[in-house]
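Tertiary structure, described
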Amino acid sequence: MALPSKQEVQHLVKQLTEVANNYDDSASLAGYLSRTEIIARAKELQRALITADKTPTYHGLNVSVFYVHFPMAELIAIRTFIKLGVLDAIPETGSISLEDLSKATGAQESLLERVARILVATGFLLQPSPTTLSYAHSKFSLVYRSGSPAGYFFLALYDQYFKHAYNFDDYLEAHGQLAAAREPDNPYHNPCTWNVKQDGMSVWQIMAQDPVKLAEFQKGLAGIDVAVPPVGHFDFSVLKNTEEENAAGVKELVDVGGGHGVVLAKILAAHSELSPKNAVLQERKDICDLAGQHLPEGVVVMEHDFTKEQTVKGAKGYFMRMIMHDYSDEVASNILKQIVPAMNGQSRVLVCDMVLPQKVGEADFAAAVMDHAVMTMGGKERTEEGFRKIFDAAGLELVKIWRAPGVPGGLVEGRLRAN
């Protein structure tokens, strides 16, 4: 759906200004109605300006701090409608009656009406006529249909974050921490493992038990590519080999824990100076078997566990994207320590992740949402000082944080610390 025009935004601002000029600060009924009208106009303006692809992130923020409208009721209603297939049953254009929606989904009319009531109130769904029970998509609900990246991102946040975070206070109480609370820092004992009663297993082992949800989660991660771009910050071309280095077999870039190779492929496509034959993708064996379809010819695909010592020695760059945030400071610094013995004076460690500001605002709140999400599995997003702490513990010097404009993600560059 197209963005609102300048005239549309000015009209909404004018409406908000008009009701604000009539604000009644009394505790009377008139004051209540005045405040309600201002809130309604402000929400109209907000809904116009939020792009559909950002909706899952705003929903994540709603879970965290009750930012707008009725977050708990809305989130539960959305998840219910996704599971019941309601959003897929509503046509892309036009509307569908409550009766036909019930027939299409097999769900009881009265149940659908009650759940839809919340979503119409928040503007997530549209009810074209106030006197007729029929429903249509808004720009927000439309991108939550099956197969949509935004929909998968919402499911990842809801199923792997909200379901394990909503009773965080109970987790603290069960672990005797109400008087002295601590951040979860164990990949095998955390709110996620506790909530599903599988302490002692990693979150990834637990997710692997349900291949469908694991696939949805992996697709959902694509929803934060914009927030943590793999390129556009650090100049990877500085890793280019000299002829002598090529002759010596020096690797330009090692993508540690690089998944299916999509990110490494993007880096190589954006920096043609680098040679695929000088690039290495490292992953678990089962993932390595699937990586070839994404990578250019020549890239070395290598089985490797990043909790073990790095086997590629003297590479120009060791790259890790969205790995450190899955782990506590102690575990993250130990992962970095596995790379240090393989480095030489020209080697760089390149960590691509969210970089939290000291104060989070509208432009970077996605980083705070993700910080809460990974907290449920014992991980954390970090500030510059947080990265400096884990680099220092691993024997590395934080050289610079490279930023891409307008996004919370960045690339943290580290080198061997001088003795």
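Further up the page is the structure itself.
Since we're looking at a predicted model, the values are computed, not measured.

Here the focus is the layout of surface pockets. Here the second largest pocket is characterised by a volume of approximately 540 Å³. Forming the boundary of the second largest pocket are 30 residues, of which Asp53, Lys54, Thr57, Gly223 and Val226 lie nearest the centre. Those elements that place two or more of their residues in the lining of the second largest pocket are α2 (29-49), α3 (55-65), α9 (149-165) and α18 (365-375). Grouping the amino acids of the lining of the second largest pocket by side-chain chemistry returns 20 nonpolar, six polar and four charged.

Moving on, we come to the packing of aromatic side chains. Inspection of the entire model under this criterion finds twelve aromatic pairs. With 5.1 Å between their ring centres and 65 degrees between their planes, tyrosine 158 and phenylalanine 162 make a pair best called edge-to-face. With a gap of four residues between them, tyrosine 158 and phenylalanine 162 both fall in helix α9, about one helical turn apart. Given the relative accessible area of 10%, tyrosine 158 is considered buried. Between the aromatic rings of tyrosine 171 and tryptophan 194, the centroid separation amounts to 5.7 Å while the plane-to-plane angle is 70 degrees, which identifies the pairing as edge-to-face. Placement of tyrosine 171 in helix α10 (residues 168-174) and of tryptophan 194 in helix α11 (residues 191-195) is noted, with a sequence separation of 23 residues between them. On the accessibility criterion, tyrosine 171 (5% relative accessible area) is buried.

The next point concerns the environment of glycine 151. Along the chain, the position of glycine 151 falls in helix α9. With a relative accessible area of 4%, glycine 151 lands in the buried category. In the structure, glycine 151 is positioned 69 residues away from glycine 220 in sequence and 7.5 Å away in space, judged by C-alpha atoms. Not counting residues up to four positions away in its chain, the partners in contact with glycine 151 are Val143 and Tyr144.

All right, on to the nonpolar core then. Counting residues in each nonpolar core, the largest one holds 32 residues, and the members touching the most others are Phe236, Leu239, Leu253, Leu264, Phe319, Leu350 and Leu411. Of all the secondary structure elements, the ones that give two or more residues to this core are α9, α15 (262-270), β5 (279-283), β8 (348-356) and α18. The biggest single contributor to this core is α18, with five residues. Every residue in contact with leucine 253, bar those within four places of it in the chain, is listed here: Phe236, Leu239, Leu264, Ile267, Asn278, Ala279, Val280, Gly317 and Phe319. Judged by nonpolar contacts, the second largest core, of 29 residues, contains Val312, Tyr318, Val355 and Ile401.

In this section: a nonpolar patch on the surface. Nonpolar side chains collect at one region of the surface, where Leu29, Tyr32 and Leu33 lie side by side and expose about 340 Å² of accessible area between them. By relative accessible area, tyrosine 32 is classed as partly exposed at 48%.

In this section: the sheet that holds strand β1 (residues 95-97). Working definition: the strands of a sheet are paired by backbone hydrogen bonds and lie parallel or antiparallel to each other. Here three strands make up an open sheet; going across it, the order is β1-β3-β2 and the pairing antiparallel. With partners counted over all chains shown, the strands left at the sheet margins are β1 and β2 (125-126), one partner each. Here β2 runs beside strand β3 (residues 134-137); their pairing, made up of two bridges, is antiparallel. By the bridge assignment, leucine 125 is partnered in β3 with histidine 137.

The rules behind the values
Residues numbered from 1 in each chain as written. Predicted model: local features only at pLDDT ≥ 70, side-chain atom pairs only at ≥ 80, totals over all residues. Heavy atoms only, no water. 1 Å grid on protein atoms, 1.4 Å probe; cavity = no way out; pocket = protein on both sides within 12 Å on 5 of 7 lines; lining within 4 Å. Points joined across faces, edges and corners; volume = space filled by probe spheres on them. Helix = DSSP H or I, 4+ residues; strand = E, 2+ residues; numbered from the N terminus. Nonpolar A, V, L, I, M, F, W, Y, C, P; charged D, E, K, R; others polar. Phe/Tyr/Trp six-rings, centres within 6.5 Å; stacked < 30°, edge-to-face > 60°. Buried < 20%, exposed > 50% of the residue type's maximum accessible area, 1.4 Å probe, protein only. Contact = heavy atoms within 4.5 Å. Core = buried A, V, L, I, M, F, W, Y, C linked by side-chain atoms within 4.5 Å. Patch = residues over 30% accessible without salt bridge, like charges linked within 9 Å, V, L, I, M, F, W, Y side chains within 5 Å. Areas by Shrake-Rupley, 256 points an atom, 1.4 Å probe, with all protein chains shown as cover. Salt bridge = Lys/Arg side-chain N within 4 Å of Asp/Glu carboxyl O. Pairing = 2+ DSSP bridges.

Read these as layout, nothing more, since geometry by itself doesn't imply function.
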